[in-house]
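Structural features, examined
Each chain, written out:
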Amino acid sequence: MTSRRDAFYAERDRRTRQYGATADALERPILIMVDPEVAATRAGQIATLALVNMAARVHRRIALIIPGVPLIARSLVPAADLQSAAIGIARAINPVLDLYLEPNIEGCDFVARIGLGTELPSSLDAYLDWHGGLGVLATSPIPGPTHDPASRFGAATAAVLGAVALFRLGHGQAVHPARLNPLDFTTGAAAGTRDHTGPIDVGDVLVVGAGAVATALLYWARELGTSGGWDIVDGDIAKLHNTNRCLTMTAADAGWPNGEPTTTPVAKAATAARAIGARAHPQWYDHWQPQHEARHDLVLPLANGRSVRTLIAQRGEPLLLHATTSSNWTAELHRHRPDHDDCPACRIRDTARPQMTCSTGPAVPEEPDSPDAALPFLSAGAGLLLAAALADLPAAAALEHPVNHWQLDLTLTGRLLRPLRHPPRDGCRHIQPRRVRQAFQSTESRRWDHLDRYGVVQDATALTGVDVPEGHRHEA
Ligand SMILES: [Zn+2]
């Protein structure tokens, strides 16, 4: 006989298991502990709520020590105080979660204990700190932490690193300290504190795809605020196994409000758009686009399949930014400027192309090589890199740098951020010739068209530490 709890996890954790997680590890209890001083700050609340959000998407037994201070960050669920917000979001994500409040931490056998603040036991497994755009994960108490109350990207980054630590500790894997600033791509001892605390102001934005990376982007964008009109296009509906990594999606969205499949799931576009009050278009891009030819200032290709990357590469846009996760524990940011970089379709081949009948074989109930297995902090990290690039336009490090691809390695075991460069590809059949792009852009000029000027591309061979990567599978 299968219990409600078992049935929920059997369906919810399909992608998590494909990524190598084990049920035993996910069952081991973890502790998230926040001290009152940090809990009272906006940055502390950003880090706390994001960490609880990610943890509830994989871990099944979570203990919280979180003060009930007034809520000043933006919660996904209505709540008056931080503790209620954390409990509310954890239960909305996972209605069958085993949640322990104010546990006796000495008497419990936690596999991973993480702390945010200074008034904490010195025996925890991991500690978080943030200063401006810098997020810090440490494995021993941090001497002189800042817990900068005004931090935005640093608090968000610390939450991502903290979620990595909890998951790895749960699986008996080593955790290494890490320092990252996603705005200027600095890491380790050289990591800077440059931050962006204002709204994301890039004009009207078309987001194609409402999956894990798109919802992560919108989760962080919600905290920062946005300007302009945002349109979210995705023809899919929310499924329970998407809730393991889509940061704005709840079990109720997937039709499992009480841990059982009792209601009609909603469109993915709606779960994503809701985060920032965007317009949801529950249609596939190839069906939607012919009826919506008006341009946006920026187009973000955040979907797999249905040849979306090819279709968007062919539009004639001056700039395409997107992010992916890979099967190798990386979160990746990609830039594509015509004549400077390769195109999105050349960089990442479209998945789910129609296959020859002879190659499909017998029907397999579980997708044999699902391209979209990922973990919540990988998607959250990819969305955060993209949010950082957008927040900082037009001064974004991602824009002018000859590097056009950044791989964030969330195993934390090697080089944290790897810069890569892909030059324009000879024989690319996706990018429009320059005169065609100019004709397209001049029909309705938009905010970033000036970026499509003919510039001298810096000689990539002069760069040090920049590799041309080998291909591996990506997921938006
Ligand atoms: Zn191409």
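Not measured: the values here are computed from a predicted model.

Turning our eyes to something else, we now look at the coordination of the zinc ion. Taken together, Cys343 (SG), Cys346 (SG), Cys428 (SG) and His430 (ND1) make up the full set of protein donors to the zinc ion, lying 2.2 to 2.3 Å away. Classification of the site at the zinc ion rests on its four donor atoms, whose angles at the metal span 96 to 117°, yielding the label tetrahedral.

This next bit is on the packing of aromatic side chains. Under the criterion given, the structure shown has nine aromatic pairs. Taking the centre distance of 4.4 Å and the plane angle of 15° together, the rings of Phe185 and Trp406 count as stacked. Within this pair, whereas Phe185 is found in the loop between β7 (178-181) and β8 (186-187), its partner Trp406 is found in strand β15 (residues 405-409), the two being separated by 221 residues in sequence. Exposure remark for Phe185: the relative accessible area of 15% places this residue in the buried category. Plain terms: the ring middles of Trp329 and Phe377 are 5.4 Å apart, the flat faces sit at 40° to each other, and that makes the pair tilted. On the criterion of sequence distance, the pair formed by Trp329 in the loop between β13 (320-326) and β14 (330-336) and Phe377 in helix α14 (residues 376-392) is long-range, its members being 48 residues apart.

This part takes up the sheet that holds β8. Across the sheet, which stays open at both edges, the eight strands sit in the order β3-β2-β1-β4-β5-β6-β7-β8 with mixed pairing between neighbours. One side of each edge strand has no neighbouring strand; the edge strands of this open sheet are β3 (98-101) and β8. As defined by bridge partners, strand β1 (residues 30-34) adjoins strand β4 (residues 112-116) across five bridges and the pair is classed as parallel. Considered in β4, the bridge of Leu31 is made with Arg113. Contacts from helix α7 (residues 153-170) reach β1, β4, β5 (126-131), β6 (134-138) and β7, with the element oriented near 25° to β6.

Right, let's talk about helix α5 (residues 42-56) for a bit. Counted at 1.5 Å a residue, the expected span for α5 with its 15 residues is 21 Å, and the 21 Å between its end C-alpha atoms agrees. For α5, the buried fraction is high: 15 of the 15 residues fall into the buried class.

With that out of the way, let us pick up the pattern of salt bridges. It is possible for side chains of opposite charge to pair when their charged atoms get near one another. Under the defined criterion, the tally for this structure stands at 28 salt bridges. Here Glu27 ties to Arg5 by a salt bridge, and the two come within 2.8 Å at their closest N and O atoms. Of this pair, Glu27 sits in helix α3 (residues 23-27) while Arg5 sits in helix α1 (residues 4-12), and the two are 22 residues apart along the sequence. Comparing Glu27 with Arg5, the two get one shared label, buried. Among the salt bridges present, the one from Asp98 reaches Arg61, with a minimum N-O distance of 4.0 Å. Of this pair, Asp98 sits in strand β3 while Arg61 is found in strand β2 (residues 61-65), placing the two residues 37 residues apart along the sequence. Here Asp98 falls in the partly exposed class, since its relative accessible area comes to 23%. Three or more residues joined by partner-sharing salt bridges are found here, namely Arg5, Arg12, Asp13, Glu27, Arg60, Arg61 and Asp98.

Turning next to α1. Taken together, the buried positions of α1 are occupied by Arg5, Phe8, Tyr9 and Arg12. Summarising the axial view, the buried residues of α1 lie within an arc of 90°, below the 170-degree limit, and thus occupy one face. Buried positions along α1 lie against α2 (14-18), α3, α5, β2, α6 (82-93) and β3.

On to the packing of α5 against α7. Contact pair α5 / α7: the axes reach a minimum separation of 8 Å and the direction vectors enclose 35°. In terms of crossing hand, the pair formed by α5 and α7 is right-handed. Judged by residue contacts, Ala43, Ile46, Ala47, Ala50, Leu51, Met54 and Ala55 of α5 engage Ala155, Ala156, Ala159, Val160, Gly162, Ala163 and Leu166 from α7. Looking at the contact of α5 with α7 residue by residue, the class counts come to 13 nonpolar, one polar and no charged.

Checked against the element boundaries, Asp148 lands in the loop between β6 and α7. One buried charge, Asp148, has no salt-bridge partner; the nearest side chain with opposite charge is Arg152, at 7.5 Å. Among the polar contacts listed, one links the side chain of Asp148 to the backbone nitrogen of Ala150, at a separation of 3.0 Å. Ignoring sequence-local partners within four residues, the contact set of Asp148 consists of Ala43, Trp130, His131 and Gly132.

What follows deals with the nonpolar core. In terms of nonpolar packing, the biggest core is built from 119 residues, with Ile32, Trp220, Trp230, Phe377, Leu390, Leu393 and Leu410 touching the most fellow members. Per-element tally for this core: the top contributor is α7, with 13 residues. What Leu390 contacts, discounting residues up to four positions off in sequence, is Ile200, Val202, Leu217, Trp230, Leu298, Leu300 and Leu321. Of all hydrophobic cores here, the second largest spans ten residues; its members include Tyr285, Trp288, Val308 and Ile312.

This brings us to the packing of α5 against helix α8 (residues 212-224). Packing of α5 against α8 brings their axes to within 12 Å, and their N-to-C directions diverge by 160°. By the angle between their axes, α5 is roughly antiparallel relative to α8. As α5 packs across α8, the resulting crossing turns out to be right-handed. Between α5 and α8, the residues in contact are Arg42, Ile46, Leu49, Ala50 and Asn53 and Tyr219, Trp220 and Glu223, respectively.

Moving on, we get to the side chain of Ser75. Tracing the sequence through the fold places Ser75 in the loop between β2 and α6. A relative accessible area of 11% means that Ser75 is categorised as buried. Aside from chain neighbours lying at most four places away, what touches Ser75 is Leu49, Ala85 and Arg222.

The next point concerns the environment of Gly235. Topologically, Gly235 is positioned in the loop between β10 (230-233) and α9 (268-273). Placed 210 residues apart in sequence, Gly235 and Ala25 show a C-alpha to C-alpha distance of 34 Å. With near-sequence residues (within four places) excluded, Gly235 lies in contact with Pro282, Gln283 and Trp284.

Attention shifts here to the environment of Asp297. As for its placement among the helices and strands, Asp297 is situated in the loop between α10 (285-288) and β12 (298-301). Classification of Asp297 as buried rests on a relative accessible area of 9%. With 148 residues separating them in the primary sequence, Asp297 and Ser445 have C-alpha atoms 8.6 Å apart. Among all residues touching Asp297, those that are not within four sequence positions of it are Val202, Gly203, Asp204, Arg446, Arg447 and Trp448. Only 2.7 Å separates the side chain of Asp297 from the backbone nitrogen of Asp204, close enough to count as a polar contact. Only 3.0 Å separates the side chain of Asp297 from the backbone nitrogen of Arg447, close enough to count as a polar contact.

About the criteria used
Residues numbered from 1 in each chain as written. Predicted model: local features only at pLDDT ≥ 70, side-chain atom pairs only at ≥ 80, totals over all residues. Heavy atoms only, no water. Donors = N, O, S within 2.8 Å, 3.2 Å for Na, K, Ca; no water. Tetrahedral: all angles 85-135°; square planar, octahedral: opposite > 155°, others 65-115°. Phe/Tyr/Trp six-rings, centres within 6.5 Å; stacked < 30°, edge-to-face > 60°. Helix = DSSP H or I, 4+ residues; strand = E, 2+ residues; numbered from the N terminus. Buried < 20%, exposed > 50% of the residue type's maximum accessible area, 1.4 Å probe, protein only. Pairing = 2+ DSSP bridges. Contact = heavy atoms within 4.5 Å. Axes fitted to C-alpha atoms, helices over the stretch in contact; angles between N-to-C directions. Expected span 1.5 Å × (residues − 1). Salt bridge = Lys/Arg side-chain N within 4 Å of Asp/Glu carboxyl O. Arc of directions from axis to C-beta. Left-handed = near helix turned anticlockwise from the far one by under 90°. Nonpolar A, V, L, I, M, F, W, Y, C, P; charged D, E, K, R; others polar. Lys, Arg positive; Asp, Glu negative; His and termini not counted. Polar contact = N/O pair within 3.5 Å; in protein donor to acceptor, adjacent residues only side chain to side chain. Core = buried A, V, L, I, M, F, W, Y, C linked by side-chain atoms within 4.5 Å. Parallel < 35°, antiparallel > 145°, perpendicular 65-115°, else oblique.

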